Amino acid sequence: MSEAAGGLKGRAARLSRLMPAGPSNAARTPFVLLVVLLLGGGLISLLLLNSALNEGSFRLSELKKRTTELTDDQQALQRDVDSASEPDALARRARELGMVPGGSPAFLGPDGKVRGVPSTASAAPVTAAPKPEVPPPPPVAPPVAAPAGSTSALTGPGASTPQPTATAPAQARTPAEQSSTSPGR
């Protein structure tokens, strides 16, 4: 070391004294350890990031599924509201509540004059004629064997015929109600 320092003068001699003359493994050990720690930390952070992204994608798929279900529910509710808001449904509900259609209205103009002729509402709502109801056919009973020698077991004066039972008349439907149930609508 002094030989190398003897050939060098000034600043170079001082620097050569600070540096070891031969190769040293002790100086590389901290560097290698630092690189290994950085690579290990990078791999662990990459693994954590990847698992967080996978968890987020699972959550996203669950939320999309839930959104689809809620959209279907909303559309079903909207169909119910739309069917209840149709004019024939509103008219039927108004009749059930005892309401009657109003008469012709009168309007006041900007000059204060009455335009139109007002009329009162009729007490009975205008409905279509009820359809006659056809009673169901009577049930057919199996034939009863007549006793031997009797020919008028079922047709005699004491034989009873089945009487049709009284049924409640069907509610009358207006032509608008009948057309709303057509397949084209």
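Residues numbered from 1 in each chain as written. Predicted model: local features only at pLDDT ≥ 70, side-chain atom pairs only at ≥ 80, totals over all residues. Heavy atoms only, no water.

(A) Looking closely at the overall build of the protein chain. On a plain count of helices and strands, the protein chain comes out with five helices and two strands. Secondary structure elements of the protein chain occur, N-terminal to C-terminal, as α-α-α-α-β-β-α. Taking the contacts inside the protein chain whose residues are at least 6 apart along the sequence as the reference set, 38% of them involve residues at least 24 apart. A total of about 16400 Å² of accessible surface is found on the protein chain, and carbon and sulfur atoms cover 65% of it. (Helix = DSSP H or I, 4+ residues; strand = E, 2+ residues; numbered from the N terminus. Contact = heavy atoms within 4.5 Å. Areas by Shrake-Rupley, 256 points an atom, 1.4 Å probe, with all protein chains shown as cover.)

(B) The pattern of salt bridges, seen in detail. On inspection of all chains with the given rule, the structure shows two salt bridges. The salt bridge involving Arg66 is made with Glu69; its shortest N-O contact spans 3.7 Å. Separated by three residues within a single helix, Arg66 and Glu69 lie in helix H3 (residues 28-84), roughly one turn from each other. Judged by relative accessible area, Arg66 falls into the partly exposed class, the value being 46%. For Glu69, a relative accessible area of 36% corresponds to the partly exposed category. Among the salt bridges present, the one from Arg93 reaches Glu96, with a minimum N-O distance of 3.5 Å. Pair noted here: Arg93 and Glu96 are both in helix H4 (residues 87-96), with a separation of three residues, about one helical turn. (Salt bridge = Lys/Arg side-chain N within 4 Å of Asp/Glu carboxyl O. Buried < 20%, exposed > 50% of the residue type's maximum accessible area, 1.4 Å probe, protein only.)

(C) The arrangement of the environment of Ser85 in detail. Along the polypeptide, Ser85 turns up in the loop between H3 and H4. In terms of polar contacts, Ser85 uses its side chain to reach the backbone carbonyl oxygen of Val81, at 2.8 Å. (Polar contact = N/O pair within 3.5 Å; in protein donor to acceptor, adjacent residues only side chain to side chain.)

(D) Spotlight on a nonpolar patch on the surface. Together, Phe31, Val32, Val35, Val36 and Leu39 make up a nonpolar patch on the protein surface, roughly 480 Å² of accessible area in all. On the secondary structure map, Leu39 appears in helix H3. (Patch = residues over 30% accessible without salt bridge, like charges linked within 9 Å, V, L, I, M, F, W, Y side chains within 5 Å.)

(E) Seen up close, the confidence of the model for the protein chain. This prediction gives the protein chain a mean pLDDT of 75; 59% of its residues lie at or above 70. Looking over the protein chain, one finds the lowest element-wise mean pLDDT in helix H5 (residues 175-180), namely 47, and the highest in H3, namely 95. In the predicted structure, residues 150-154 sits below a pLDDT of 50 and forms two contacts with residues beyond four places in sequence or in another chain. Note on residues 158-162: pLDDT under 50 across the span, and one contact to partners over four residues away in sequence or across chains. (pLDDT = per-residue confidence, 0-100.)

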